[in-house]
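Analysis of the macromolecular model
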Amino acid sequence: MEFGEILAKKRRELGLNQSQLADRMSLMGMPLSNQAISKWEKGTTLPNAKQFLTLCRALNIEDINGLFIGGGDGVFHGLNAEGRKKAMDYIELLRESGRYAQRKNRDVQDRVRTLPLYSLAVSAGTGQFLDGEDYEMVEVGQEVPEGANFGVRVSGDSMEPKFHDGETIWVHQQRSLMTGEIGIFLYDGSAYLKQLAVHGDRMALHSLNPKYDDIIISTELPLRVLGKVMR
(Lines give C-alpha, C1' and ligand atoms only; values in the text may rest on other atoms or scores of the structure.)
Protein backbone atom coordinates (compact mmCIF):
# COMPACT_ATOMS: atom_id res chain seq x y z
CA MET A 1 0.00 0.00 0.00
CA GLU A 2 1.37 3.41 -0.97
CA PHE A 3 1.93 6.25 1.51
CA GLY A 4 -1.09 8.23 0.32
CA GLU A 5 -3.37 5.17 0.57
CA ILE A 6 -2.21 4.49 4.13
CA LEU A 7 -2.80 8.12 5.07
CA ALA A 8 -6.31 8.17 3.59
CA LYS A 9 -7.19 4.84 5.25
CA LYS A 10 -6.08 6.04 8.73
CA ARG A 11 -7.92 9.33 8.27
CA ARG A 12 -11.17 7.57 7.36
CA GLU A 13 -10.81 5.17 10.32
CA LEU A 14 -10.90 8.21 12.62
CA GLY A 15 -13.94 9.62 10.81
CA LEU A 16 -12.09 12.73 9.66
CA ASN A 17 -12.30 14.54 6.36
CA GLN A 18 -9.24 16.27 4.91
CA SER A 19 -10.19 19.68 6.34
CA GLN A 20 -10.69 18.23 9.84
CA LEU A 21 -7.29 16.52 9.70
CA ALA A 22 -5.67 19.79 8.62
CA ASP A 23 -7.41 21.61 11.50
CA ARG A 24 -6.17 18.98 13.96
CA MET A 25 -2.60 19.41 12.74
CA SER A 26 -2.91 23.18 12.98
CA LEU A 27 -3.95 22.87 16.63
CA MET A 28 -0.79 20.81 17.16
CA GLY A 29 1.33 23.72 15.96
CA MET A 30 1.59 22.71 12.28
CA PRO A 31 -0.60 25.10 10.20
CA LEU A 32 -1.78 23.29 7.09
CA SER A 33 -4.42 23.42 4.35
CA ASN A 34 -6.70 20.59 3.30
CA GLN A 35 -5.15 20.92 -0.18
CA ALA A 36 -1.83 19.74 1.29
CA ILE A 37 -3.56 16.66 2.76
CA SER A 38 -5.17 15.99 -0.63
CA LYS A 39 -1.79 16.15 -2.42
CA TRP A 40 -0.22 13.75 0.11
CA GLU A 41 -3.04 11.25 -0.34
CA LYS A 42 -2.81 11.50 -4.15
CA GLY A 43 0.95 11.00 -3.97
CA THR A 44 1.80 14.22 -5.83
CA THR A 45 3.78 15.58 -2.84
CA LEU A 46 5.12 14.26 0.46
CA PRO A 47 5.24 15.89 3.92
CA ASN A 48 8.55 17.05 5.34
CA ALA A 49 9.93 15.43 8.50
CA LYS A 50 8.16 17.75 10.97
CA GLN A 51 4.87 17.52 9.08
CA PHE A 52 5.14 13.73 8.97
CA LEU A 53 5.69 13.37 12.74
CA THR A 54 2.80 15.77 13.48
CA LEU A 55 0.65 13.82 11.01
CA CYS A 56 1.37 10.59 12.88
CA ARG A 57 0.37 12.21 16.19
CA ALA A 58 -2.81 13.61 14.63
CA LEU A 59 -3.75 10.15 13.33
CA ASN A 60 -2.81 8.38 16.59
CA ILE A 61 -0.17 6.30 14.79
CA GLU A 62 2.17 4.62 17.28
CA ASP A 63 4.00 2.00 15.20
CA ILE A 64 5.32 4.28 12.43
CA ASN A 65 7.88 1.79 11.14
CA GLY A 66 5.48 -1.13 11.02
CA LEU A 67 2.72 0.85 9.28
CA PHE A 68 4.64 2.76 6.63
CA ILE A 69 7.57 0.42 5.99
CA GLY A 70 5.75 -2.85 6.62
CA GLY A 71 6.88 -5.75 8.76
CA GLY A 72 10.11 -4.66 10.37
CA ASP A 73 10.66 -5.01 14.08
CA GLY A 74 7.90 -2.70 15.29
CA VAL A 75 6.47 -3.81 18.61
CA PHE A 76 2.92 -3.74 17.18
CA HIS A 77 3.72 -5.81 14.09
CA GLY A 78 1.02 -8.40 13.45
CA LEU A 79 -1.58 -6.77 15.72
CA ASN A 80 -4.83 -5.27 14.49
CA ALA A 81 -6.14 -1.90 15.73
CA GLU A 82 -7.87 -3.42 18.78
CA GLY A 83 -4.76 -5.39 19.70
CA ARG A 84 -2.55 -2.30 19.46
CA LYS A 85 -4.91 -0.33 21.70
CA LYS A 86 -4.86 -3.10 24.30
CA ALA A 87 -1.05 -3.19 24.14
CA MET A 88 -0.87 0.58 24.73
CA ASP A 89 -3.36 0.31 27.62
CA TYR A 90 -1.22 -2.39 29.22
CA ILE A 91 1.97 -0.35 28.78
CA GLU A 92 0.27 2.59 30.51
CA LEU A 93 -0.76 0.34 33.42
CA LEU A 94 2.85 -0.83 33.80
CA ARG A 95 4.06 2.79 33.86
CA GLU A 96 1.48 3.87 36.43
CA SER A 97 2.29 0.93 38.73
CA GLY A 98 5.86 2.18 39.18
CA ARG A 99 7.05 -1.42 39.63
CA TYR A 100 8.82 -1.54 36.30
CA ALA A 101 10.51 1.85 36.21
CA GLN A 102 14.09 1.93 34.98
CA ARG A 103 16.62 1.81 37.79
CA LYS A 104 18.57 4.99 38.29
CA ASN A 105 21.89 5.44 40.01
CA ARG A 106 21.90 6.85 43.51
CA ASP A 107 23.00 10.31 42.38
CA VAL A 108 19.95 10.60 40.13
CA GLN A 109 17.61 9.22 42.81
CA ASP A 110 18.81 11.77 45.36
CA ARG A 111 18.93 14.70 42.95
CA VAL A 112 16.91 17.72 44.00
CA ARG A 113 15.53 20.06 41.36
CA THR A 114 14.07 23.53 41.63
CA LEU A 115 10.90 24.13 39.61
CA PRO A 116 8.41 27.01 39.41
CA LEU A 117 5.10 26.38 41.18
CA TYR A 118 2.37 28.78 40.12
CA SER A 119 0.41 30.14 43.06
CA LEU A 120 -2.44 31.11 40.73
CA ALA A 121 -4.54 27.92 40.57
CA VAL A 122 -5.36 26.32 37.25
CA SER A 123 -9.10 26.13 36.99
CA ALA A 124 -10.73 22.73 36.74
CA GLY A 125 -14.08 24.48 36.54
CA THR A 126 -14.50 28.06 35.38
CA GLY A 127 -11.01 28.93 34.15
CA GLN A 128 -8.32 31.29 35.41
CA PHE A 129 -5.49 33.06 33.67
CA LEU A 130 -2.06 31.40 33.81
CA ASP A 131 0.55 33.67 32.32
CA GLY A 132 3.03 35.95 34.02
CA GLU A 133 5.36 35.95 37.01
CA ASP A 134 3.06 34.81 39.81
CA TYR A 135 4.98 31.72 40.98
CA GLU A 136 7.47 30.51 43.59
CA MET A 137 10.51 28.30 43.09
CA VAL A 138 10.25 25.04 45.05
CA GLU A 139 12.61 22.11 45.54
CA VAL A 140 11.32 18.75 44.33
CA GLY A 141 12.73 15.25 44.35
CA GLN A 142 12.16 11.91 42.68
CA GLU A 143 8.39 12.13 43.32
CA VAL A 144 8.10 14.66 40.48
CA PRO A 145 8.43 13.22 36.92
CA GLU A 146 11.76 13.96 35.21
CA GLY A 147 10.07 15.66 32.27
CA ALA A 148 8.14 18.20 34.37
CA ASN A 149 9.01 21.88 33.85
CA PHE A 150 6.56 23.57 36.23
CA GLY A 151 3.78 22.91 38.73
CA VAL A 152 0.28 24.36 39.21
CA ARG A 153 -2.51 23.90 41.73
CA VAL A 154 -5.93 22.64 40.65
CA SER A 155 -9.02 24.68 41.44
CA GLY A 156 -12.44 23.08 41.08
CA ASP A 157 -13.83 19.58 40.61
CA SER A 158 -14.47 19.28 36.86
CA MET A 159 -11.58 16.79 36.48
CA GLU A 160 -12.70 14.51 39.31
CA PRO A 161 -12.11 11.71 40.06
CA LYS A 162 -8.60 11.87 38.60
CA PHE A 163 -7.63 15.38 39.77
CA HIS A 164 -8.80 17.01 43.00
CA ASP A 165 -9.39 20.57 44.13
CA GLY A 166 -6.21 21.99 45.70
CA GLU A 167 -3.96 19.24 44.30
CA THR A 168 -0.54 20.17 42.87
CA ILE A 169 0.12 18.73 39.42
CA TRP A 170 3.35 18.75 37.43
CA VAL A 171 3.48 19.68 33.77
CA HIS A 172 5.85 19.22 30.84
CA GLN A 173 5.88 22.41 28.78
CA GLN A 174 4.99 21.71 25.14
CA ARG A 175 2.95 23.36 22.40
CA SER A 176 0.86 20.44 21.14
CA LEU A 177 -1.02 17.42 22.47
CA MET A 178 -2.61 14.34 20.97
CA THR A 179 -6.36 13.79 21.22
CA GLY A 180 -7.16 12.18 24.55
CA GLU A 181 -4.17 13.65 26.39
CA ILE A 182 -4.64 15.84 29.46
CA GLY A 183 -2.92 19.19 29.62
CA ILE A 184 -3.01 22.83 30.54
CA PHE A 185 -4.68 25.04 27.93
CA LEU A 186 -5.03 28.79 27.50
CA TYR A 187 -8.29 29.73 25.80
CA ASP A 188 -10.21 32.99 25.68
CA GLY A 189 -8.04 34.52 28.43
CA SER A 190 -8.41 31.63 30.87
CA ALA A 191 -6.26 28.63 31.76
CA TYR A 192 -7.81 25.18 32.01
CA LEU A 193 -6.86 21.69 33.12
CA LYS A 194 -8.73 19.55 30.57
CA GLN A 195 -8.55 16.61 28.21
CA LEU A 196 -8.18 17.37 24.50
CA ALA A 197 -11.11 15.89 22.59
CA VAL A 198 -12.90 16.02 19.24
CA HIS A 199 -16.54 17.14 19.02
CA GLY A 200 -17.79 16.49 15.50
CA ASP A 201 -15.66 18.75 13.31
CA ARG A 202 -14.39 20.84 16.25
CA MET A 203 -11.76 20.37 18.93
CA ALA A 204 -12.98 20.58 22.53
CA LEU A 205 -11.74 20.75 26.10
CA HIS A 206 -13.29 17.77 27.88
CA SER A 207 -14.08 17.53 31.62
CA LEU A 208 -13.79 14.11 33.27
CA ASN A 209 -16.59 15.02 35.70
CA PRO A 210 -19.82 14.39 33.74
CA LYS A 211 -21.67 17.27 35.40
CA TYR A 212 -19.57 19.74 33.39
CA ASP A 213 -20.17 20.44 29.70
CA ASP A 214 -17.24 20.35 27.31
CA ILE A 215 -15.82 23.61 26.02
CA ILE A 216 -16.11 23.67 22.23
CA ILE A 217 -13.21 25.52 20.63
CA SER A 218 -14.28 28.36 18.36
CA THR A 219 -12.46 28.82 15.06
CA GLU A 220 -12.31 32.55 15.88
CA LEU A 221 -10.42 32.14 19.17
CA PRO A 222 -6.92 30.64 19.34
CA LEU A 223 -6.29 27.65 21.62
CA ARG A 224 -2.82 27.61 23.16
CA VAL A 225 -1.35 24.46 24.68
CA LEU A 226 0.81 25.27 27.74
CA GLY A 227 1.88 21.72 28.51
CA LYS A 228 1.07 18.07 29.14
CA VAL A 229 0.20 16.91 32.65
CA MET A 230 2.82 14.47 33.95
CA ARG A 231 1.09 14.15 37.35
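**Focus: the packing of helix α2 (residues 18-27) against helix α3 (residues 34-42)**
Packing of α2 against α3 brings their axes to within 8 Å, and their N-to-C directions diverge by 115°. With respect to α3, the element α2 is oriented roughly perpendicular. Remark: the crossing between α2 and α3 carries right-handed chirality. Between α2 and α3, the contacting residues are Gln 18, Ser 19, Leu 21, Ala 22 and Met 25 on the first element and Asn 34, Ile 37, Ser 38, Trp 40 and Glu 41 on the second. Per-class residue counts for the contact of α2 with α3 are five nonpolar, four polar and one charged.

**What to know about the pairing of strand β4 (residues 168-172)**
As paired strands, strand β3 (residues 150-155) and β4 are joined by four bridges and run antiparallel to one another. Bridge pairing links Phe 150 to Val 171 in β4. Note that β4 and strand β9 (residues 223-229) share two bridges and pair antiparallel. Counted as the bridge partner of Val 171 is Val 229 from β9.

**With respect to α3**
The complete set of buried residues in α3 reads Ala 36, Ile 37, Ser 38, Trp 40 and Glu 41. Looking at the buried positions of α3, the neighbouring elements they touch are α1 (3-13), α2 and α4 (49-58).

Basis of the calculations
Residues numbered from 1 in each chain as written. Predicted model: local features only at pLDDT ≥ 70, side-chain atom pairs only at ≥ 80, totals over all residues. Heavy atoms only, no water. Axes fitted to C-alpha atoms, helices over the stretch in contact; angles between N-to-C directions. Helix = DSSP H or I, 4+ residues; strand = E, 2+ residues; numbered from the N terminus. Parallel < 35°, antiparallel > 145°, perpendicular 65-115°, else oblique. Left-handed = near helix turned anticlockwise from the far one by under 90°. Contact = heavy atoms within 4.5 Å. Nonpolar A, V, L, I, M, F, W, Y, C, P; charged D, E, K, R; others polar. Pairing = 2+ DSSP bridges. Buried < 20%, exposed > 50% of the residue type's maximum accessible area, 1.4 Å probe, protein only.

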